[in-house]
Amino acid sequence: FLPPPYEYQLRRPPLCRPAVSLTSPSPGMLPHKQPLATRLQPSQPKCAKPSGAFMSQRRAAKVASDPSPVSTMPFSTSWASVSGDRTCINTFSVRNLGCGAYGWKLPVFGIACLVLSALCYPLVLPLAALSTTILVFCLLIFSTMPQQFGDTYNGFILWIQALHMAYEYVVYRGATVTTRACMPIAQLQPRRRLARSNCGLVPLSVAKAYEEEFSAAYPNILGWQVPVVPILGAACRLLSWSSPPRVADETLFAPSEDPVAYVMRVCSGIYPEVPEVWPSKHSDEALTWLVRSQVGADNIEVLADDAPERAQFGARYAVRTNCLAHCEVREGLESYGGDALFDDDWRVVAIVRQERVPHPAIEGLVTTTAVSYTPSHGKSWAYIKFCFRSSLFSLVTFANHLYLTHLLVSMNMTIATRETLSPDHPVRRFVTPFIYGNITINAWARQALVLPHSTVGRAFAFTELGLQQAWHAVRECLPASKRSGCLPPLAAEEVAPPYCSKYTQSRKQFEAAASAFAGEYLESFYPDGIPQQPSAAGEPCDEVWAWLSHLSESHGDEAAVAAVANGSPTEARDYVRRILARLITFVALEHNVVGNVGSLAQDVSFAAFSWPKGRLSGTKQLAMRQATLMCLTSSTTPYLLATPGGPNDWSYLFPATSAAQRAALAEVFAKFQASLHVLSDELDEYSASVEVAARSFPDNFGMWVTNPRYMRTAVDI
């Protein structure tokens, strides 16, 4: 296949058309310098050069026509996961530095400008001083920026995260943050309305970063809060002015090139821990592990006996991602979607994709049609599995993680608590560890993830229209039981799934521990329940009713609180208990399920946020964008698992009115931690390699996502 005829930008009338030779990229060439396919290099004599339009057409033709180099790899090949090595030295290690896409040109240019500024200093003092300051700042940033292979935005984000990690190492004298050090009672702010920023396409808002109450969660110098988030937001908007790079300009991995080693060579010093061990990543069994014991566990649907998939494929379980199939994607990239179907024994039997095709009747309109794939499809089956893994990873990151956990649950809970509950209110004191740092985290998430052309817009395949379509459908992409956020249903407690797995068992244990913790705590302050009316002494209604009202409005479920208000005081207390238990489950367990995905984010041959059509891997540039997004989760939020009486014991926050109540509340906290330690030890043993090898499919995989050992008290990015 040849593109349209050559077009030239003539410097002088050519005497003849120059010969063009096809040469492969040099092995020593920098990654950001390598083209996606072969590079056109005009040979001598140089009388003209191909135009930019021709080069773009040639690259697009190669993307459309070349077979994937990755497709020659055995389908069972799996690159080993590598855990992050976060230490103070590794945060700014030499291997992370490379001046990004600018190479040696930026330092030379900067030095030349500095020399010129020095020569002009006596003549134009103010201008020279300003230009010198700006140039020194830019030179410092870009010369210490981690390698980011062609996208300055990603390099800047990595640099900021490395700087943030180094700051925390200095402030906390290591990577461990304790609750006593970062949550002093004296810094709790009075209730008041918080200043907010809208989230653009998302019909939600986040509190402005300066509303953060704990100084440990916000960079400060000698007690003065540094306006980091507004400054970084302005820099991100400046760097993200251009659209995401075109797929034709990006570079594929060679068949023998390890994508995990590729990104970890740059990001290991700021990459989070990766506890998972994958015996294989590309097999049918691995697909079951991914949906049954990993990111897809909360999206499993049990099919009814009369379901069409049951009759056609013999399927019992389904995990659906076709809700994103209608979203428009950039040219050259594959669309999202795929409903994976599993039989009673958890063997994958089919994947049904809603594929985008031209509308048969209306020219220029795109519609979707269902196409079924089964394991008998050979090489196509390997590609469809990769499409499903990538679609599931993208859906969970976009909907379950960013929208549900961060914006709908944690941000709404933070705003409601800060605006309606006094610092000494028992519910606010209970909630405080679980909303720690949420304002700073979500204000930064808005800048780096939500706004157009941010990390999500550049890493995902969506066009601007496709991103609007995805945000419009995000709520419908969530499981029905989670669309109400923190507000539980008015009926009885949620029913466990009608199937049994280690995930459902350990999740049930965690929920029971959280529910008992919240219930015993509330009984200590509301032994007779929460009254709806003012007391006989003339005291006003408890602030918890304003808190409930605020939550119901932000979650769009005002009828629930109205029904609770008409019940008994003990029913109101029980409803608050369920909200608090649900909050703990969301910010600790579910955030760990959907956010602790380092093994997926570091391997674009396992799962990718975007990938060229027909390829079994994302590009090198996408690998860096994906790893950048994962590096943002490297936070020092306190761990959930604590030792009573130790530095992470947050029971000091509980507003006890007597020594007896203080002792009782300490006992409640100790009981909760004992339950978590029992669950953690059980899952450590369950995930040991010897134990995993002794079990049969589908239980021959570890369980890390529900292990309290890896959970934090609050969400981080």
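Numbering of residues starts from 1 in every chain and runs along the sequence as written. The predicted nature of this model means local features are confined to residues of pLDDT at least 70 and side-chain atom pairs, given and counted, to a pLDDT of 80 or more, with totals for whole chains, interfaces and linings taken over all residues. Water and hydrogen atoms play no part in the side-chain values, which are based on all heavy atoms of the structure.

Novice: Describe helix H15 (residues 464–477), listing the residues and the values that go with them.
Specialist: Going along the chain from the N terminus, every DSSP run of H or I of four or more residues is numbered as a helix, and every run of E of two or more is numbered as a strand. Helix span is expected to be 1.5 Å times the residue number reduced by one. The terminal C-alpha atoms of H15 lie 19 Å apart, and with 14 residues this matches the ideal 20 Å at 1.5 Å per residue to within 8%. Here the bend at a residue is taken as the angle between two axes, fitted respectively to the seven residues that end there and the seven that start there. The sharpest bend along H15 reaches about 30° and sits at Trp471. Among all positions of H15, only Gly466, Leu467, Ala470, Trp471, Ala473, Val474 and Cys477 are buried. Residues count as neighbours in contact if any of their non-hydrogen atoms are within 4.5 Å of one another. Taken together, the buried residues of H15 touch strand S6 (202–207), helix H11 (379–420) and helix H13 (438–450). Throughout, exposure labels follow a simple rule: accessible area from a 1.4 Å probe, protein chains only, divided by the maximum for the residue type, with under 20% read as buried, over 50% as exposed, and the rest as partly exposed.

Novice: A description of the sheet that holds strand S10 (residues 317–320) should follow, citing residues and the corresponding values.
Specialist: If you walk across this open sheet you meet the 5 strands as S9-S10-S11-S12-S13, and the pairing is antiparallel. With one partner strand each, in any of the chains shown, strand S9 (300–302) and strand S13 (366–373) form the two edges of the open sheet. Sheet twist, expressed as the average angle between the axes of neighbouring strands with direction ignored, equals 25°. Bridge analysis of strand S11 (residues 339–342) against strand S12 (residues 348–358) gives 4 bridges, and the strand direction is antiparallel. Its bridge partner lying in S12, Phe342 is registered against Val348. Relative to S12, H11 is tilted by about 80°, and along the sheet it contacts S10, S11, S12 and S13. Two strands are counted as paired when DSSP detects at least two bridges linking them. The angle between two axes is taken between their N-to-C directions and runs from 0 to 180 degrees, where each axis is a line fitted to C-alpha atoms and a helix contributes only its stretch in contact.

Novice: Got a sec to walk through the pattern of salt bridges? Specific residues and values, please.
Specialist: Where charged atoms from two side chains of opposite charge approach closely, those side chains can pair. For salt bridges, the criterion is a side-chain nitrogen of Lys or Arg within 4 Å of an Asp or Glu carboxyl oxygen. The final tally for this structure, using the stated rule, is 30 salt bridges. For Arg196, the salt bridge goes to Glu419, with nearest N and O atoms at 3.0 Å. In this pair, Arg196 is assigned in strand S5 (residues 196–199) and Glu419 in helix H11, connecting sequence segments 223 residues apart. Judged by its relative accessible area of 28%, Arg196 is partly exposed. A residue is classified by how much of its surface remains accessible, and Glu419, at 14% relative accessible area, is buried. When the shortest N-O distance is used, the salt bridge between Glu250 and Arg625 registers 2.5 Å. One end of the pair, Glu250, is in the loop between helix H7 (228–239) and helix H8 (259–267); the other, Arg625, is in helix H21 (residues 620–631), and 375 residues separate them in sequence. On the basis of relative accessible area, Arg625 is assigned to the buried category, the value being 1%. When salt bridges with common partners are traced through the structure, they connect Asp298, Lys482, Arg507, Glu511 and Glu590 into a single cluster.

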